[in-house]
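# An overview of the molecular structure
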Amino acid sequence: FFPKNIGHFIYIYFHKLGENHSKDELVFGEGLKKEDSASLSLSDDGRYLLVCVAISSEKKKRSELYLHDLKNTDKGFITIVKNMDGLFFGSIHRENIFIKTDYNAPNRKVVKISVGNVLNGKGVESWRDVIPQSEHAIESVVIMKNRIFVETLENASSKLKMYDLNGNIIQDIK
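Residues numbered from 1 in each chain as written. Predicted model: local features only at pLDDT ≥ 70, side-chain atom pairs only at ≥ 80, totals over all residues. Heavy atoms only, no water.

### Observations regarding the overall build of the chain
To keep things clear, this is the line we draw: Helix and strand assignments follow DSSP, with helices taken as H or I runs no shorter than four residues and strands as E runs no shorter than two, numbered in order from the N terminus. Within these notes, the globule rule equals 2.2 Å times the number of residues to the 0.38 power, and the radius of gyration is based on C-alpha atoms. Partly exposed residues are those whose accessible area sits between 20% and 50% of the maximum for their type, while under 20% is buried and over 50% is exposed, using a 1.4 Å probe and protein chains only. Here, residues are in contact when the closest pair of their heavy atoms is within 4.5 Å.
Along its length, the chain carries one helix and 15 strands. In terms of C-alpha radius of gyration, the chain reaches 17 Å, essentially the compact-globule figure of 16 Å for 174 residues. Its C-alpha atoms put the chain at 50 × 35 × 30 Å along the principal axes. The proportion of buried residues among the 174 residues of the chain is 38%. Look at the contacts in the chain between residues 6 or more apart in sequence, and 30% of them connect residues 24 or more apart.

### Some details on the pairing of strand S12 (residues 137-144)
Working note: regular strand, side chains alternate between the two faces of the sheet. Short version of the rule: At least two DSSP bridges between two strands are required for those strands to pair.
Judged from the seven bridges that link them, S12 and strand S13 (residues 147-154) form a sheet pairing that is antiparallel. Within S13, the residue paired with Ile 138 across the bridge is Thr 152. In this antiparallel pair of consecutive strands, S12 and S13, the connection spans two residues, and Lys 145 shows a positive phi of 50°.

### Digging into the side chain of Lys 109
For Lys 109, the location among the structural elements is in strand S10 (residues 109-114). Not counting residues within four places of it along the chain, the set of residues in contact with Lys 109 comprises Ile 99, Lys 100, Thr 101, Tyr 103, Asp 129, Ile 131, Pro 132, Gln 133 and Ile 138.

### Quick word on the sheet that holds strand S8 (residues 88-93)
This is how it is decided: Comment: axis = line fitted to C-alpha atoms, over the contacting stretch for helices; angle = value between 0 and 180 degrees taken between N-to-C directions.
Here four strands make up an open sheet; going across it, the order is S8-S9-S10-S11 and the pairing antiparallel. The sheet is open, and its two borders are formed by S8 and strand S11 (128-131), each paired with just one other strand. Averaged over all adjacent pairs, the angle separating strand axes in this sheet is 30°, with direction ignored. Taken together, the three bridges between S10 and S11 define a ladder with antiparallel strand orientation. Across the sheet, Val 110 pairs through a bridge with Ile 131, a residue of S11.

### A short note on the layout of surface pockets
Convention followed: A cavity here means a set of points on a 1 Å grid, drawn over the protein atoms and nothing else, where a 1.4 Å probe fits but cannot get out; a pocket is an open set with protein on both sides within 12 Å along at least five of seven lines, and a residue lines either one if it has an atom within 4 Å of a point. Grid points are joined across faces, edges and corners, and a volume is the space filled by probe spheres set on the points. Classes in brief: Ala, Val, Leu, Ile, Met, Phe, Trp, Tyr, Cys and Pro nonpolar; Asp, Glu, Lys and Arg charged; the others, Gly included, polar.
For the largest pocket, the calculated volume is near 240 Å³. Looking at the largest pocket, it is lined by 16 residues, and the ones nearest its centre are Glu 30, Leu 32, Glu 64, Tyr 66 and Lys 82. Put simply, the parts of the chain that give the lining of the largest pocket at least two residues each are strand S3 (25-28) and strand S6 (62-69). If you tally residues by element for the lining of the largest pocket, the top one is S6, at three residues. Tallied by class, residues from the lining of the largest pocket come to six nonpolar, three polar and seven charged.

### Considerations on the nonpolar core
The line we're drawing: The term nonpolar core refers to a set of buried residues drawn from Ala, Val, Leu, Ile, Met, Phe, Trp, Tyr and Cys, joined through side-chain atoms within 4.5 Å.
Counting 18 residues, the largest nonpolar core has Leu 67, Ile 80, Ile 97, Ile 99 and Trp 127 as its most contacted members. Among the elements of the structure, strand S5 (48-55), S6, strand S7 (77-81), S8, strand S9 (96-101), S10 and helix H1 (115-119) are those that each provide at least two residues to this core. Setting aside chain neighbours within four positions, we find Ile 97 in contact with Leu 50, Leu 67, Ile 80, Ser 91, Ile 92, Val 111, Lys 112, Ile 113, Val 115 and Val 118. Residues Phe 98, Val 130, Ile 138 and Ile 148 belong to the second largest nonpolar core, which totals ten residues.

Functional significance is not addressed by these values, which are geometric in nature.
Have a look at this one:
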């Protein structure tokens, strides 16, 4: 899977290794406005494709998230977030989707939802705050192994903290 820019439009195609690129299959992006763009990430096991669409064609910037189960493709792309007031950036880790968002959290927070809940049509009501909003804005989130690394902006300098996957702080990294 890869994004492809075609005259201001970004689409996502599937490319089978060894095949000619002319056989690439369009899998996502049809109907997006030219100002909007899609990015993607694949789960570590290769089963799930997560697509983030940055909506820049509207007055207020927002984003949308979609999940595709590559082993059960009959459902197509399942909406996680659409038409909500906020920015959402996600990554898949061990059957959970971790989402950094400013939805109801101007300084941003990290929430998680199980892939199973998404596949079963559960929405925001099944999200769980993992790292709640604080007085310090969350700038970036990286998940590695069993840890969540969160960079915050505190008094005009970056601070890095390490959490477990349930949001319990392990340590401040200096």
